[in-house]
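One-letter residues, chain by chain:
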Amino acid sequence: MTMSRAIAAMFVTAALAGCAQTEAQQRTSTGAMLGAGAGALAGQAIGGNTKSTVIGAASGALLGAVVGNATTPQPRGEQLCRYQDRYGRIYTAPCDDRYYNGNY
């Protein structure tokens, strides 16, 4: 009975992980899911009882979520640079390639 509940909880978690909207949310939930599985296996192997399995799963889920979120690449938004025209007026416009290459 307990094993079927654990399997059902895993499927519900997997289904909810697919509902994430952004890449960061998807990577965080995937990391939490993989970490929980690995932590549960490690907890069972080390402690051999239910308490250690649950502690391992919770610790693995937390660590997996943190790693998944931290490794998400940040989107490169449109940067605005300040320019000065030949009449001395200062204006802002999207940065050109010199900004991104470090040749400014």
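On a predicted model such as this, the values are computed, not experimentally measured, just so you know.

Conventions and cut-offs
- Residues numbered from 1 in each chain as written.
- Predicted model: local features only at pLDDT ≥ 70, side-chain atom pairs only at ≥ 80, totals over all residues.
- Heavy atoms only, no water.
- Helix = DSSP H or I, 4+ residues; strand = E, 2+ residues; numbered from the N terminus.
- Expected span 1.5 Å × (residues − 1).
- Buried < 20%, exposed > 50% of the residue type's maximum accessible area, 1.4 Å probe, protein only.
- Salt bridge = Lys/Arg side-chain N within 4 Å of Asp/Glu carboxyl O.
- Polar contact = N/O pair within 3.5 Å; in protein donor to acceptor, adjacent residues only side chain to side chain.
- Contact = heavy atoms within 4.5 Å.

J.: If you had to explain helix H3 (residues 50-70) to someone new, which residues and values would you point to?
T.: With 21 residues, H3 extends 30 Å from end C-alpha to end C-alpha; this agrees with the ideal 30 Å at 1.5 Å per step. Within the span of H3, buried status applies to Ser52, Thr53, Gly56, Gly60, Gly64, Ala65 and Gly68.

J.: Pulling in residues and values, what's your account of the pattern of salt bridges?
T.: Considering all chains together, one arrives at one salt bridge under this definition. Ionic pairing is found between Arg89 and Asp85, a salt bridge with its closest N-O pair at 2.9 Å.

J.: I'd like a description of the side chain of Thr53, backed by residues and values.
T.: Mapped onto the elements, Thr53 comes out in helix H3. Among the polar contacts listed, one links the side chain of Thr53 to the side chain of Gln44, at a separation of 2.5 Å. At 2.9 Å, the side chain of Thr53 and the backbone oxygen of Asn49 are in polar contact. Filtering out sequence-adjacent residues up to four positions away, Thr53 remains in contact with Ala40, Gly43 and Gln44.

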